[in-house]
Structure formats: structure tokens, C-alpha cells
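# Structural characterization, general
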Amino acid sequence: NSMPRKDLLITVPKDWNCQHIEIDGASLNISIKHLTVEKIDLDGAANRLEFLGSIENIDADGASNSIYLSCENHPTLIDIDGASCELELILPKGCGFAVNMEGLSCDFNSDLDYATKNGQHIYGNGHTNVNVDGLSCDLTISESDE
């Protein structure tokens, strides 16, 4: 009665830049490493996304998604909508952010010296806009050690 495991591995040329990745599904384990991507759209439930590379924009909608982003660049927009979602965001040193969180039981954590003004959490120049709208969503932002 169980579904057999299916794996898909896509290898691209070194230094290839991707414009758009769209992922729709449930219970997916997605790992994207060492890639430059303009935009990722993730829709579905119980997905796990691990991204290491450069990204400008990510839009994730769904329930029980776990997202780990380790960015080599200063992203522009991260938009998360859903319920019971977790987002761990690691930004390069000196990358500012502006976090807007709406919804119920949403938590924001960061060891960085950010300020809170009008419900928005701001660090540095506020370059990376992070919007979280949902129920029981957790967001953690840190800086990379490099």
C-alpha cells in the first residue's frame, strides 16, 4: 500500500543561471545546491526545500512546509503563505532585511541586532523583504559565518 520512492536528479552546466523554478507537489524532499536562480515558486504541502546558492525571489504557499535557504547573495523578496511552516534564512554578512509577519501564532527569531517599528523587524538597510502570512509559522534569520 505504500508508494515506491522516486528520485529525480537534474545536473546542469557549471555557472548556469536559472530564470524560474516552479515546484508543485506534496511530501517532496527538494535539494538545490550551487545554483543561481531568479525565482522559485513552491506550492504544496509537507515539502522540504533546501536551497544553497543565489536567489532573488522565492514564493512558497502551502501547509507544513520546511524551507532552508542559505543565500550567497542579497535576495530581494521572500514570500511565505501557509500554515505550520518553518523558514530558516541564512543571509550573507551585511545583508539587511525587513520582516513583515501577519497571522496567528507566528514567531520571529534572530540573533542579529534588529529593530522593531510598526510591527516590522528591520535590520541594516532592509534590502531583503521577508513576508510571512499564515498560522503557526516560524521564521529564523541569521548571518553566514563567511
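What comes next is a walk through the structure. In this text, all values refer to a predicted model and were calculated from it rather than measured experimentally. (Residues numbered from 1 in each chain as written. Predicted model: local features only at pLDDT ≥ 70, side-chain atom pairs only at ≥ 80, totals over all residues. Heavy atoms only, no water.)

### Considering the packing of aromatic side chains
Remark: the centre distance and the inter-plane angle together describe each pair of aromatic rings, the angle taken between the planes. Counted according to the given criterion, the structure contains 3 aromatic pairs. Plain terms: the ring middles of Phe108 and Tyr114 are 5.0 Å apart, the flat faces sit at 75 degrees to each other, and that makes the pair edge-to-face. The class of Tyr114 is partly exposed, set by a relative accessible area of 26%. Through successive ring pairs, a cluster of aromatic residues spans Phe97, Phe108, Tyr114 and Tyr123. (Phe/Tyr/Trp six-rings, centres within 6.5 Å; stacked < 30°, edge-to-face > 60°. Buried < 20%, exposed > 50% of the residue type's maximum accessible area, 1.4 Å probe, protein only.)

### Some details on the layout of surface pockets
For the largest pocket, the calculated volume is near 950 Å³. Residue lining of the largest pocket: 26 residues in total, with Leu8, Ile10, Ile30, Ser31 and Ile32 positioned closest to the centre. Contributing elements (two or more residues each) for the lining of the largest pocket: β1 (17-26) and β2 (29-45). In terms of residues, the lining of the largest pocket owes the most to one element, β2, which gives 7 residues. Within the lining of the largest pocket, the residues separate by chemical class into 14 nonpolar, 6 polar and 6 charged. (1 Å grid on protein atoms, 1.4 Å probe; cavity = no way out; pocket = protein on both sides within 12 Å on 5 of 7 lines; lining within 4 Å. Points joined across faces, edges and corners; volume = space filled by probe spheres on them. Helix = DSSP H or I, 4+ residues; strand = E, 2+ residues; numbered from the N terminus. Nonpolar A, V, L, I, M, F, W, Y, C, P; charged D, E, K, R; others polar.)

### Observations regarding unusual backbone geometry
The backbone of Ala46 sits at a positive phi, close to 55 degrees, despite the residue not being glycine. Its location among the elements puts Ala46 in the loop between β2 and β3 (48-63). Positive phi values are uncommon outside glycine, yet Ser136 reaches one of about 55 degrees. Checked against the element boundaries, Ser136 lands in the loop between β11 (128-135) and β12 (138-143). Its relative accessible area of 33% is what places Ser136 among the partly exposed residues.

### Observations regarding the nonpolar core
If you look at the biggest cluster of nonpolar residues, it comprises 35 residues, and the most contacted ones within it are Leu69, Val130, Leu139 and Ile141. Among the elements that make up this core, the one with the highest residue count is β2 (6 residues). With residues near it in sequence (within four places) discarded, Leu139 still touches Leu87, Val99, Met101, Asp107, Phe108, Asn109, Val130 and Val132. (Core = buried A, V, L, I, M, F, W, Y, C linked by side-chain atoms within 4.5 Å. Contact = heavy atoms within 4.5 Å.)

### Details of a nonpolar patch on the surface
A surface patch of nonpolar side chains, about 440 Å² in accessible area, is lined by Leu8, Ile10, Val12 and Trp16. Within the secondary structure, Ile10 is located in the segment before β1. (Patch = residues over 30% accessible without salt bridge, like charges linked within 9 Å, V, L, I, M, F, W, Y side chains within 5 Å. Areas by Shrake-Rupley, 256 points an atom, 1.4 Å probe, with all protein chains shown as cover. Salt bridge = Lys/Arg side-chain N within 4 Å of Asp/Glu carboxyl O.)

### Observations regarding empty space enclosed by the protein
All told, the structure shown has 1 cavity of 30 Å³ or more when counted by the stated rule. The wall of the largest cavity is formed by Asn65, Ile67, Ile80, Cys85, Glu86, Leu87, Val132, Cys137 and Asp138. Split into classes, the residues belonging to the lining of the largest cavity amount to 6 nonpolar, 1 polar and 2 charged.

### Some remarks on the side chain of Ser54
Looking at the secondary structure, you find Ser54 in strand β3. Excluding its chain neighbours within four sequence positions, the residues that come into contact with Ser54 are Leu35, Thr36, Val37, Glu72 and Asn73.

### Side note on the side chain of His121
By the secondary structure assignment, His121 is in strand β10 (residues 120-123). Classification of His121 as buried rests on a relative accessible area of 15%. Engagement of the side chain of His121 in a polar contact is seen with the side chain of Thr116, the distance being 3.0 Å. With sequence-adjacent residues up to four places away left out, His121 is seen in contact with Phe97, Ala98, Val99, Phe108, Tyr114, Ala115 and Thr116. (Polar contact = N/O pair within 3.5 Å; in protein donor to acceptor, adjacent residues only side chain to side chain.)

### Some points on the environment of Asn109
Residue placement: Asn109 occurs in strand β8 (residues 107-110). Assessed through its relative accessible area of 41%, Asn109 is described here as partly exposed. Leaving out residues up to four positions away in the same chain, Asn109 has contacts with Leu139, Thr140 and Ile141.

No statement about biological role is implied by the geometric values presented.
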